[in-house]
Amino acid sequence: MLRNLRYRFALFMQGRYGTDQLSRFMSAVVIILLIAEWILNHFLALPGVMMFMRIAGFVNAVFLFIIYYRTFSRNIPRRYAENQKYLALKRRISSVFGRTGHNTTQRIEYHIYKCPGCSQKIRIPRGKGRIMVRCPKCGTEFIKQS
């Protein structure tokens, strides 16, 4: 019985897009909003909270519709393009935060100076005293305290 149902579902899903990273992200948003709605409904029943719950309920309904529409869609190239746009945006956002964390860890061990000639960033190890720095890009030499 269960094997037959699984087979029928597999036949139904043939040629359909299925789930991807965008669908998983939207599902996570729906779950977070449902949990927030439940917590607020049980602990805070203020007028502003009630408005949030109505908006969250509407957003959940829209997101669920979009998730199911994308999952069962047969227009695979279009769903793939939507997912690629989401992944590009996610990559852009995460690279900003990732770069900030990397720079912070670099500044623990190094001084980072800009070349006065070409504005190239140059790392100088900390604790070496006054040293002559030569820019690898333009060859400008300058003295800095490390």
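Residues numbered from 1 in each chain as written. Predicted model: local features only at pLDDT ≥ 70, side-chain atom pairs only at ≥ 80, totals over all residues. Heavy atoms only, no water.

1. What to know about the pairing of strand β3 (residues 130–134)
Turning to step 1, where the next piece is worked out: Note that β3 and strand β4 (residues 141–145) share 5 bridges and pair antiparallel. Within β4, the position partnered with Arg130 by the bridge is Gln145.
Turning to step 2, where the next piece is worked out: Counting the residues that bridge the hairpin from β3 to β4 gives 6 residues, and of these Gly139 lies at a positive phi of roughly 85°. (Pairing = 2+ DSSP bridges. Helix = DSSP H or I, 4+ residues; strand = E, 2+ residues; numbered from the N terminus.)

2. Digging into the packing of helix α2 (residues 21–43) against helix α3 (residues 47–71)
Turning to step 1, where the next piece is worked out: Where α2 meets α3, the closest approach of the two axes is 9 Å, and the angle between their N-to-C directions is 155°. Taken together, α2 and α3 sit at an angle that is classed as roughly antiparallel. Judged by the twist between their axes, the crossing of α2 over α3 is left-handed. Contacts between α2 and α3 involve Leu22, Ser23, Met26, Ser27, Val29, Val30, Leu33, Leu34, Ala36, Glu37, Leu40 and Asn41 on the former and, on the latter, Val49, Phe52, Met53, Ala56, Gly57, Val59, Asn60, Phe63, Leu64, Ile66, Ile67 and Arg70. (Axes fitted to C-alpha atoms, helices over the stretch in contact; angles between N-to-C directions. Parallel < 35°, antiparallel > 145°, perpendicular 65-115°, else oblique. Left-handed = near helix turned anticlockwise from the far one by under 90°. Contact = heavy atoms within 4.5 Å.)

3. Focus: helix α1 (residues 2–13)
Turning to step 1, where the next piece is worked out: Relative to the 16 Å expected for 12 residues at 1.5 Å per residue, α1 spans 17 Å between its end C-alpha atoms, a close match to the ideal helical length.
Turning to step 2, where the next piece is worked out: Of all the 12 residues making up α1, 1 are buried; the element is thus mostly uncovered.
Turning to step 3, where the next piece is worked out: Count one or two residues on from α1 and you reach Gly15, which has phi positive near 85°. (Expected span 1.5 Å × (residues − 1). Buried < 20%, exposed > 50% of the residue type's maximum accessible area, 1.4 Å probe, protein only.)

4. Section: the nonpolar core
Turning to step 1, where the next piece is worked out: Within the largest apolar cluster, 7 residues are counted, these being Tyr113, Cys115, Ile122, Ile124, Val133, Cys135 and Phe142.
Turning to step 2, where the next piece is worked out: Apart from residues no more than four positions distant in its own chain, Ile124 is found in contact with Tyr110, His111, Tyr113, Ile131, Val133 and Ser146. (Core = buried A, V, L, I, M, F, W, Y, C linked by side-chain atoms within 4.5 Å.)

5. A few points about the pattern of salt bridges
Should the charged atoms of two oppositely charged side chains come close, the side chains can pair.
Turning to step 1, where the next piece is worked out: A full pass over the atoms with the stated rule returns 3 salt bridges.
Turning to step 2, where the next piece is worked out: The salt bridge involving Glu82 is made with Arg70; its shortest N-O contact spans 2.9 Å. Note that Glu82 is positioned in helix α4 (residues 76–109) and Arg70 in helix α3, a separation of 12 residues in sequence.
Turning to step 3, where the next piece is worked out: By relative accessible area, which is 26% here, Glu82 ends up partly exposed. (Salt bridge = Lys/Arg side-chain N within 4 Å of Asp/Glu carboxyl O.)

6. Structural notes on the packing of aromatic side chains
Ring pairs (aromatic) are described by centroid distance and by the angle formed between their planes.
Turning to step 1, where the next piece is worked out: The full count for this structure, using the stated rule, is 5 aromatic pairs.
Turning to step 2, where the next piece is worked out: A centroid spacing of 6.4 Å and a plane angle of 35° characterise the contact between Phe9 and Phe12, whose relative ring orientation is tilted. Of this pair, Phe9 and Phe12 both sit in helix α1, 3 residues apart, roughly one helical turn.
Turning to step 3, where the next piece is worked out: Residue Phe12 is classed as partly exposed on the basis of its relative accessible area, which comes to 39%.
Turning to step 4, where the next piece is worked out: Grouped by ring-pair contacts, the aromatic residues Phe9, Phe12, Tyr68 and Phe72 constitute a single cluster.
Turning to step 5, where the next piece is worked out: Above the face of the Phe12 ring, Arg16 is positioned so that its terminal group lies 4.1 Å from the ring centre. (Phe/Tyr/Trp six-rings, centres within 6.5 Å; stacked < 30°, edge-to-face > 60°. Lys NZ or Arg CZ within 6 Å of the ring centre and 35° of its normal.)

7. Quick word on the side chain of Thr71
Turning to step 1, where the next piece is worked out: Here Thr71 lies in helix α3.
Turning to step 2, where the next piece is worked out: Judged by its relative accessible area of 10%, Thr71 is buried.
Turning to step 3, where the next piece is worked out: A distance of 2.8 Å separates a polar side-chain atom of Thr71 from the backbone oxygen of Ile67.
Turning to step 4, where the next piece is worked out: The contact partners of Thr71, leaving out residues within four places of it in the chain, are Met13, Arg16, Tyr17, Gly18 and Thr19. (Polar contact = N/O pair within 3.5 Å; in protein donor to acceptor, adjacent residues only side chain to side chain.)

8. Quick notes on a nonpolar patch on the surface
Turning to step 1, where the next piece is worked out: Taken together, the side chains of Ile31, Ile35, Trp38, Ile39, Phe43, Leu44 and Leu46 define a hydrophobic patch exposed on the protein surface, amounting to about 730 Å² of accessible area.
Turning to step 2, where the next piece is worked out: In this fold, Phe43 is placed in helix α2. (Patch = residues over 30% accessible without salt bridge, like charges linked within 9 Å, V, L, I, M, F, W, Y side chains within 5 Å. Areas by Shrake-Rupley, 256 points an atom, 1.4 Å probe, with all protein chains shown as cover.)

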